[in-house]
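Each chain, written out:
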Protein chains: 2
Amino acid sequence: MKHIKKIAATAVALSLLAGAGLVQAQQAPKPEQLIKTRQSSFQLVAWHVGRVKASLDGTYNKDDVQRSANAIAAIANSGLGGLFAPGSESGNGWHNTTAKPEAFKDTAKFGQYGAAFAKEASALASVNAGGDVAAIKAQFANLQKTCKTCHDDFKNKE
Amino acid sequence: MKHIKKIAATAVALSLLAGAGLVQAQQAPKPEQLIKTRQSSFQLVAWHVGRVKASLDGTYNKDDVQRSANAIAAIANSGLGGLFAPGSESGNGWHNTTAKPEAFKDTAKFGQYGAAFAKEASALASVNAGGDVAAIKAQFANLQKTCKTCHDDFKNKE
């Protein structure tokens, strides 16, 4: 009986391991997919940063800015770091990756920059909800600084 | 004096028109940019739908699903319709557009489908916050239906 229990426990453990392996296999995307997805993420961020800038430079429209600020914040908080997984240092997504090798080496610093980007993006969405254009412009500048800082250290020119 | 006022008023009106034109020029992106941005939007939606599915099929992680559901909802509500502006019916973004001509013809129906997608995506983000996995799975199915319906009518196979 004890023996049977042991076999049963082992079988359960093995099936759990197999299950975990299956999930991991499903969750391990190809480098091309990771690169495509990070390029798509930053294309959308750039697009929506442009939309916010156009609204702040032109006729401010709170709803337009909110939509774009929400998109930037959600993408910034979507787990971007995971898109720079080992194995995706080089290769093509929509185009050849522009990530510098440093993004895969100094992951602590890269992570800090990513967290700063997420923080300032979330703040822009909050500040815009208040509708104070001067405060929104100041927060937008804070956000843009995090883009530049990260690009300087971790992104090659296209 | 009246004449001078009229000239001055005309000059102001012209400069306002020129200003409006400038803003419009800044805001009118090239078809390639629109196509790139909509392809990026749907690449991210597909990516995050895959993340949600993996979590619901495997070991559910509320925070992971929330991050992805927030990204899907923010993108769905980001003004996707504007990315299908006249002039972007054909051409290359990251690749040749897969939008059917119908997307630019039956804009009322396309808009309704887009609104349904935004509604169900926002609902997924709300329902996930409650943490009831059965309810989340049901809402995820509702969301996926809106993807399929729209693809059937408005998207060519890649």
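In this text, all values refer to a predicted model and were calculated from it rather than measured experimentally.

A.B. asks: Which residues make up the overall build of chain A, and what values go with them?
C.D. replies: Of regular secondary structure, chain A possesses six helices and zero strands. When its helices and strands are written in sequence order, chain A yields α-α-α-α-α-α. Counting across all 158 residues of chain A, residues that qualify as buried make up 37%. Look at the contacts in chain A between residues 6 or more apart in sequence, and 76% of them connect residues 24 or more apart. As displayed, chain A offers around 8800 Å² of accessible surface, 59% of which is attributable to carbon and sulfur atoms.

A.B. asks: Got a sec to walk through the relation of the copies chain A and chain B? Specific residues and values, please.
C.D. replies: Aligned on chain B, chain A shows an RMSD of 0.0 Å; the corresponding rotation is 180° and the shift along the axis is 0.0 Å. The transformation just described matches what one would write down for a two-fold rotation axis. Using C-alpha coordinates, one finds that chain A approaches the rotation axis most closely at Ser40 of chain A, a distance of 2.2 Å. Most of the interface of chain A is mirrored in chain B, where 100% of its interface residues again form contacts.

A.B. asks: Break down the interface of chain A and chain B for me, with residues and values.
C.D. replies: Every contact between the two is made by 26 residues of chain A and, on the other side, 26 residues of chain B. Roughly 2200 Å² is buried in total at the junction of chain A and chain B, and carbon and sulfur atoms are behind 71% of that figure. Three residues, Gln43, Trp47 and Trp94 of chain A, lead the burial of chain A against chain B; their summed loss comes to 28% of the area buried on that side. For the pair chain A and chain B, the number of links is zero salt bridges. Inspection of the region where chain A meets chain B yields four residue pairs in polar contact (both at pLDDT 80 or more). Of the residues forming the side of chain A that touches chain B, the biggest block, eleven residues, is contributed by helix α2 (residues 31–57) of chain A. Considering only residue class, the side of chain A that touches chain B consists of eleven nonpolar, 13 polar and two charged.

A.B. asks: I'd like a rundown of helix α5 (residues 107–130) of chain B, residues and numbers included.
C.D. replies: Residues and elements named next belong to chain B. The end-to-end C-alpha separation of α5 is 35 Å, in line with the 34 Å expected for 24 residues at 1.5 Å each. For α5, every residue scored as buried is listed here: Phe110, Tyr113, Phe117, Ala118, Glu120, Ala121, Leu124, Ala125 and Asn128. Buried residues along α5 sit against α2 (31–57), α3 (62–76), α4 (102–105) and α6 (133–154). After α5 finishes, the residue Gly131 shows a positive phi value of roughly 80°.

A.B. asks: Mind laying out the confidence of the model for chain A, listing which residues take part and the relevant values?
C.D. replies: Residues and elements named next belong to chain A. Here chain A averages 88 in pLDDT, and 83% of its residues register 70 or above. Within the model, the stretch residues 1–25 combines pLDDT values under 50 with one contact to residues more than four positions away or in other chains. Prediction confidence for the complex, expressed as pTM and ipTM, is 0.84 and 0.84 respectively.

A.B. asks: Summarise the packing of α2 of chain A against helix α3 (residues 62–76) of chain A; cite the residues concerned and give the values.
C.D. replies: Residue and element names in this part refer to chain A. For the pair α2 and α3, interaxial distance at closest approach is 9 Å and the crossing angle is 150°. If you check the angle between α2 and α3, you find them roughly antiparallel. Judged by the twist between their axes, the crossing of α2 over α3 is left-handed. Residue-level inspection shows Ser41, Leu44, Val45, His48, Val49, Arg51, Val52 and Ser55 of α2 in contact with α3, the latter providing Asp64, Val65, Ser68, Ala69, Ala71, Ile72 and Ile75.

Calculation criteria
- Residues numbered from 1 in each chain as written.
- Chains lettered and ligands numbered in written order.
- Predicted model: local features only at pLDDT ≥ 70, side-chain atom pairs only at ≥ 80, totals over all residues.
- Heavy atoms only, no water.
- Helix = DSSP H or I, 4+ residues; strand = E, 2+ residues; numbered from the N terminus.
- Buried < 20%, exposed > 50% of the residue type's maximum accessible area, 1.4 Å probe, protein only.
- Contact = heavy atoms within 4.5 Å.
- Areas by Shrake-Rupley, 256 points an atom, 1.4 Å probe, with all protein chains shown as cover.
- Least-squares fit on C-alpha atoms with pLDDT ≥ 70 in both.
- Buried area = accessible area lost by both parts, 1.4 Å probe.
- Salt bridge = Lys/Arg side-chain N within 4 Å of Asp/Glu carboxyl O.
- Polar contact = N/O pair within 3.5 Å; in protein donor to acceptor, adjacent residues only side chain to side chain.
- Nonpolar A, V, L, I, M, F, W, Y, C, P; charged D, E, K, R; others polar.
- Expected span 1.5 Å × (residues − 1).
- pLDDT = per-residue confidence, 0-100.
- Axes fitted to C-alpha atoms, helices over the stretch in contact; angles between N-to-C directions.
- Parallel < 35°, antiparallel > 145°, perpendicular 65-115°, else oblique.
- Left-handed = near helix turned anticlockwise from the far one by under 90°.

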